[in-house]
Amino acid sequence: SDLPKSRPAFEGMAAHLERYARASGLTFCVFGDHDAWIVEYSAGEPSIAFVMHGDVVPAGDAGWTHAPFEAKLVDNPLYARGSEDDKGPIAAVLVAMRALAQSGYKPRGKIQAVIGTAEEHEWEGMERYVERERHAKHVISIDASFPAVVAESGFVRWQLALPLKSKKSNDCMPALEVN
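The following paragraphs examine the structure supplied in this document. In this convention, every chain numbers its residues from 1, walking through the sequence in written order. Under the rules for a predicted model, residues below a pLDDT of 70 receive no local features and side-chain atom pairs below 80 are neither given nor counted, while totals for whole chains, interfaces and linings still include all residues. Water and hydrogen atoms were dropped before computing side-chain values, which therefore reflect all heavy atoms in the structure.

### Points about the overall build of the chain
At step 1: Of the regular secondary structure elements, the chain holds 3 helices and 9 strands.
At step 2: When contacts within the chain are restricted to residue pairs at least 6 apart in sequence, long-range pairs at least 24 apart make up 67% of them.
At step 3: Residue exposure ignores everything except the shown protein chains as possible cover, and the areas themselves are Shrake-Rupley values with a 1.4 Å probe. As displayed, the chain has an accessible area near 11,400 Å², and 55% of this comes from carbon and sulfur atoms. By definition, any uninterrupted DSSP run of H or I lasting at least four residues is a helix, any uninterrupted run of E lasting at least two residues is a strand, and each is numbered from the N terminus. Every residue pair with non-hydrogen atoms within 4.5 Å of one another is taken to be in contact.

Right under this line is the structure:
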């Protein structure tokens with residue numbers, strides 16, 4: 001299969017995330033058949049989630065200006081396959097979560113790093129995750145347009161509730177819900 005989960009590097013990344021989480025006072029879990037990896041800090045209902053993806057564009061012949069499998073620092077930017085899309089943002093979120101855990105900060109709910117595993121190939125795993133898991137109150141999707149792309153890839157769920165007054169009386173009509 002061409003999917004990343006069939007490759008040793010993919011399994012290695014999951015193992016690395018689990019070790020990192022454990023050493024940082026965070027938890028790690030796998031959703032589905034590696035559809036997504038979730039790193040969490042604290043307890044309770046999900047409060048904020050940073051959604052990213054852990055796979056990379058196939059190396060192929062993409063007109064690389066630097067060798068895709070060699071990390072190179074050039075005039076301060078790091079050139080490495082996946083460093084911006086999406087390993088850099090994953091690292092930033094995980095370091096921030098570790099700092100919160102080590103400081104003893106206790107948020108009112110869980111802080112999550114939700115890492116989809118096949119954004120560059122297909123996104124069905126994240127669609128399953130979105131359908132089946134409880135969502136955080138606040139979701140920020142971080143991708144190649146770093147620092148933030150909110151509600152990227154069509155995972156938008158709006159809920160609008162407004163008290164509407166009837167023209168015939170002063171009674172409020174039932175709330176309107178839009179999905």
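### Some remarks on the environment of R98
At step 1: Position of R98 relative to the elements: it lies in helix 2 (residues 83-103).
At step 2: The partly exposed category is assigned to R98, whose relative accessible area is 27%.
At step 3: Along the primary structure R98 and A21 are separated by 77 residues, whereas in three dimensions their C-alpha atoms are 8.1 Å apart. Each residue is assigned to one of three classes by its accessible area relative to the maximum for its type, calculated with a 1.4 Å probe on protein chains only: buried under 20%, partly exposed between the two thresholds, exposed over 50%.

### Examining the pattern of salt bridges
At step 1: Salt bridges are identified by distance alone: a Lys or Arg side-chain nitrogen within 4 Å of an Asp or Glu carboxyl oxygen. Applying the stated criterion across every chain yields a total of 4 salt bridges.
At step 2: Residues D35 and R128 are paired through a salt bridge, measuring 2.8 Å at the closest nitrogen-oxygen approach. Note that D35 is positioned in the loop between strand 1 (27-31) and strand 2 (36-41) and R128 in helix 3 (residues 124-132), a separation of 93 residues in sequence.
At step 3: On the accessibility criterion, D35 (5% relative accessible area) is buried.
At step 4: Here R128 falls in the partly exposed class, since its relative accessible area comes to 26%.

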